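Residue-level listing of the chains:
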Amino acid sequence: MTASDLPPINASLNALSAVFLAAGFVFIRRKNIIAHRKCMVSAFTTSAVFLGCYLTYHFSVRAVTKFSGQGWIRPVYFSLLISHVLLAMIILPLAFCTLTRGLSQRFDAHRKIARWTWPIWMYVSVTGVLVYLMLYHLYPAH
């Protein structure tokens, strides 16, 4: 395996993170705190592994991947990409802070920040998969 094999792995890690986030949401709504905690720690771990693989890919593979879609899909793709990148930059410290508050049983503070963290984190995870699909499968460079 080489660094150029990482994009589908990265997309899979984003998808897995979204699954953990969704399950964690369901578990906390059902007041199953133990399952919620396991899912959220798993989502954080999966996202951290993703970040390591993502950075490895971008520091190892110097080629720029260009989006080849034309017409109306182009602004859609770039809007998705820009919002994904901007929110991805803030989600790591936000998720870390939220996780730390939950694990240290500061539940009021945890709930206040989690109301912001969860939707942003879910958006970043899902749009990461969408960007991958659009870039590598729906509109691959020729």
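Everything numeric here is computed off the predicted structure, so don't read it as measured data. Each chain carries its own residue numbering, running from 1 in the direction its sequence is written. Local features in this predicted model are restricted to residues of pLDDT 70 or higher, and side-chain atom pairs are both shown and tallied only at a pLDDT of 80 or more, whereas totals for entire chains, interfaces and linings draw on every residue. Derived side-chain values reflect all non-hydrogen atoms in the structure, with water molecules and hydrogen atoms excluded from consideration.

As for helix α1 (residues 6–29)
No. 1: Here α1 contains 24 residues, and its C-alpha end-to-end distance of 35 Å stays within 8% of the 34 Å for a straight helix at 1.5 Å per residue.
No. 2: For α1, the set of buried residues is Leu6, Pro7, Asn10, Ala11, Leu13, Asn14, Ser17, Ala18, Leu21 and Gly24.
No. 3: The criterion used for residue contact is that any of the two residues' heavy atoms lie within 4.5 Å. Think of it this way: any DSSP run of H or I at least four residues long counts as a helix, any run of E at least two long counts as a strand, and we number them from the N terminus. Each element contacted by the buried residues of α1 is listed here: α2 (33–60) and α4 (107–138).
No. 4: Lysine 31 sits one or two residues past α1 and shows a positive phi near 65°. Here the expected length of a helix is defined as 1.5 Å per residue gap, with one fewer gap than residues. For each residue, the accessible area found with a 1.4 Å probe, counting protein chains only, is set against the maximum for its type, and the residue is called buried under 20%, exposed over 50%, and partly exposed in between.

Details of helix α3 (residues 73–103)
No. 1: Compared with an ideal rise of 1.5 Å per residue, which puts 31 residues at 45 Å, α3 spans 42 Å between its outermost C-alpha atoms and is within 8% of the ideal.
No. 2: Note on bend: the value at a residue is the angle between axes fitted to the seven residues ending there and to the seven starting there. The largest bend in α3 amounts to roughly 35° and is located at isoleucine 91, with the proline proline 93 lying one to four residues further along.
No. 3: Every buried residue of α3 is accounted for by Ile73, Tyr77, Leu80, His84, Ile91, Ala95, Thr98, Leu99 and Gly102.
No. 4: Looking at the buried side of α3, the elements it contacts are α2 and α4.

As for the pattern of salt bridges
No. 1: Any Lys or Arg side-chain nitrogen located within 4 Å of an Asp or Glu carboxyl oxygen qualifies as a salt bridge. What the rule picks out here adds up to one salt bridge.
No. 2: Notably, a salt bridge pairs aspartate 108 with arginine 111, separated by 2.7 Å at the nearest N-O pair. Placement of both aspartate 108 and arginine 111 in helix α4 is noted, with a separation of three residues, approximately one turn of the helix.
No. 3: You can call aspartate 108 exposed: its relative accessible area is 55%.

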